[in-house]
Amino acid sequence: VVLILIVVALPFVVDANRFKPTLETDLTTALGRKVQIGNIGLSILSGGVTVDNVVIADDPAFSNTPFLQAKQLTAGVALMPLIFSKKLEVSSFTVTDPQVSLLRSPSGTWNFSSMGTTGAKKAESQSQPAASPQPASTQQTNISVAKLKISNGTIVVGSAGAHGKTQTYKSVELEASDLSYSSQFPFTFSAKTPGDGTVKVDGKAGPIDATDASLTPLNAKLDVSHLDLASTGFVDPSAGVAGILDFNGTLTSDRHQMTSKGAVKANKIKLVPAGSPSRVSVNIDYATAYDLKKQTGSLSQGDVHIGQALAHLTGSYDTAGAATALQLKLAGSGMPVADLEGVLPAAGVNLPSGASLKSGSMDVNLAISGPVDKLVITGPVNLSNGDLAGFNLKSKLGALSSFAGLGGNSGGNDTQIQKLSADIRVDPSGTQANNLDVIVPSIGTVTGNAAVSSSNKLSGKMNAKLAGAAGAMTGAMSGALSSFTGGGASKGGGGIPFTLSGTTSTPIFLPDLGGMAKGLGKTGAGAAGGAAGAAGGAAGALGGLFGKKKK
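Just so you know, these numbers come straight off a predicted model, no measurement behind them.

Thresholds, definitions, all that
Residues numbered from 1 in each chain as written. Predicted model: local features only at pLDDT ≥ 70, side-chain atom pairs only at ≥ 80, totals over all residues. Heavy atoms only, no water. Phe/Tyr/Trp six-rings, centres within 6.5 Å; stacked < 30°, edge-to-face > 60°. Helix = DSSP H or I, 4+ residues; strand = E, 2+ residues; numbered from the N terminus. Buried < 20%, exposed > 50% of the residue type's maximum accessible area, 1.4 Å probe, protein only. Lys NZ or Arg CZ within 6 Å of the ring centre and 35° of its normal. Pairing = 2+ DSSP bridges. Salt bridge = Lys/Arg side-chain N within 4 Å of Asp/Glu carboxyl O. Core = buried A, V, L, I, M, F, W, Y, C linked by side-chain atoms within 4.5 Å. Contact = heavy atoms within 4.5 Å. pLDDT = per-residue confidence, 0-100.

A. Structural view of the packing of aromatic side chains. As enumerated under the stated definition, the model contains 3 aromatic pairs in all. Ring plane angle 5 degrees and centroid distance 6.2 Å describe the contact between Y290 and Y317, whose orientation is recorded as stacked. Of the two residues, Y290 sits in strand β14 (residues 282–291) while Y317 sits in strand β16 (residues 309–318), which places them 27 residues apart along the sequence. Overall, the relative accessible area of 17% leaves Y290 in the buried class. For Y317, a relative accessible area of 18% corresponds to the buried category. Its guanidinium or amino end placed over the ring of F67, R33 lies 5.6 Å from that ring's centre, counting from NZ or CZ.

Shown next, in the form of structure tokens:
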């Protein structure tokens, strides 16, 4: 009966608010940030103290708004010292529905970097032998918490400044035990990412770094599911980069360097504004080391798997700026093009309608550089022994069938490509293919330059050198036209210049008559008239050749 009476009467006998100044002072000292709390209530049945309206100030160099604010915090306390000695001994903290703001400066420093460094330094100094006894008033107790829990939190992550961009992570859950400034402590963390993804971290951290909390040692497992690049805010939406990532791996930090190893699976990847989501997944096995001070890292392993195709990605990256900058190399040889076909739309390349790559191999040696939202990809691409099924190039060139030896639409609905090579450049404006060289045995050789804009428009100037009897006839026609216009014999034995337009899925081939008759103005009036007649005849022939109607 006496015990029951004590339990009932204690909240009226013990005024928990008497501890408010001490608690605010201790927390402010420990965190190095001004801490304000509201009313303190005593809950005997739960063995704790409830604290209303908890506010932890942000680093003034980042923001004047709170770093953390919560409507209520529950602290587990030891009841016996509280009852008999009026002494508050806190063993645990539970924060419900908090809002936390994590901001990163342009130099790469986080606003939580200075969190707790004051308390850590004082605790650390206590572990060192003192030259002489210190007055009791100047000594600082090593603060520790047996259990810390954050439930249903909200974290806003972004960059500092008036124009900083932020993203919100909800349903944040954090549990840590045996926290102190002098030892490791286990923790678990989970949250929902923008776009309904999830992130989970499980491991050990600590002891807290005395100079920069972001350098605290860490050893953990990381599991990310359905991370939507477009909604996370990591990449500017105007860059056109998008995709869904799944990731699992390990993180290890020793205050100076963080190493990570794991696997990434990317679905629906898109690399340029004119691109469309990849139809196949891209899997990457990686290993990387990151310098925490310099904010630079190196990728020692980046095995990129697309079906049976394998490429190797290596290089460096820098996260110190507003956007992460890359300097990478991607090299692959003998990759089956049938497996790569599904990822081509991500770079804005779409095969002609109904066409597909059935066989062939591809070699690439590409440089990837620039900020992630404005990447530039350059280097040579080579395709050999390819089979473009469902697309007959001869039939798309109109009256080529009238040339002896081409055989019209014979050969079925496929196009055999003996060789295709080009120096490509992919950037936010689109894709360029320079020094393009294509050998189709049933037709001949096509060379030139082509481009696909960010709006998926195809353009280019090409030259076709037809094979067999068709090539001989074309050479004779080009030579005749050249003699009429005062030009010399065309180099390479009589190619037909033409232009590209339309889109990659619906290409349009048109003769470049200006290129064939560029010497017209150099001759006399009579020669010009004869050349005009020849050019008109050539226009008719070439118009039929490329499917263009005669006027």
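B. Region of interest: the pairing of strand β8 (residues 166–179). In this structure, strand β7 (residues 145–159) lies alongside β8, joined through 10 bridges in antiparallel fashion. What sits directly across from L148, in β8, is A176. Note that β8 and strand β9 (residues 185–193) share 5 bridges and pair antiparallel. Residue pairing in the sheet places A176 in a bridge with F187 of β9. Connecting β8 to the next strand, β9, in antiparallel fashion are 5 residues.

C. Structural context of the pairing of β7. Pairing of strand β6 (residues 99–104) with β7, which is carried by 6 bridges, proceeds in the parallel orientation. Along β7, the bridge assignment pairs R104 with S159.

D. Local environment of the pattern of salt bridges. All told, the structure shown has 4 salt bridges when counted by the stated rule. Among the salt bridges present, the one from R279 reaches E341, with a minimum N-O distance of 3.6 Å. You can see R279 sitting in the loop between β13 (257–270) and β14 and its partner E341 sitting in the loop between α6 (337–340) and β18 (356–371), a full 62 residues away along the chain. On the basis of relative accessibility, which here comes to 13%, the residue E341 falls in the buried class. For the salt bridge of K419 with D437, the shortest nitrogen-to-oxygen distance reads 3.4 Å.

E. Highlighting the nonpolar core. Judged by nonpolar contacts, the single largest core of 97 residues is most densely connected at V51 and F187. Every residue in contact with V51, bar those within four places of it in the chain, is listed here: L23, I37, G38, N39, I40, K71, Q72 and L73.

F. Quick peek at the environment of V280. Inspection of the secondary structure puts V280 in the loop between β13 and β14. Not counting residues up to four positions away in its chain, the partners in contact with V280 are A266, I306, D339, G342 and V343.

G. Spatial organisation of unusual backbone geometry. Geometrically, the link from G206 to P207 is a cis peptide bond, its omega value of -5 degrees lying close to zero. Mapped onto the elements of the fold, P207 is located in the loop between β10 (197–205) and β11 (218–228). The backbone of N53 sits at a positive phi, close to 50 degrees, despite the residue not being glycine. Secondary-structure assignment places N53 in strand β3 (residues 48–57).

H. Inspection of the environment of F93 at higher detail. Note that F93 resides in strand β5 (residues 90–96). The spatial distance from the C-alpha of F93 to the C-alpha of T50 is 9.7 Å, given a sequence separation of 43 residues. Contact partners of F93, with chain neighbours within four places excluded, come to L27, L73, T74, A75, V145, K147, L148 and K149.

I. Structural view of the confidence of the model for the protein chain. The pLDDT averaged across the protein chain works out to 76; a share of 71% of its residues lies at or above 70. For the stretch residues 398–409, pLDDT sits under 50, and the model shows 25 contacts to residues farther than four places along the chain or on other chains. Overall, residues 476–493 carries pLDDT values under 50, and its contacts beyond four positions in sequence, including any with other chains, amount to 29 contacts.

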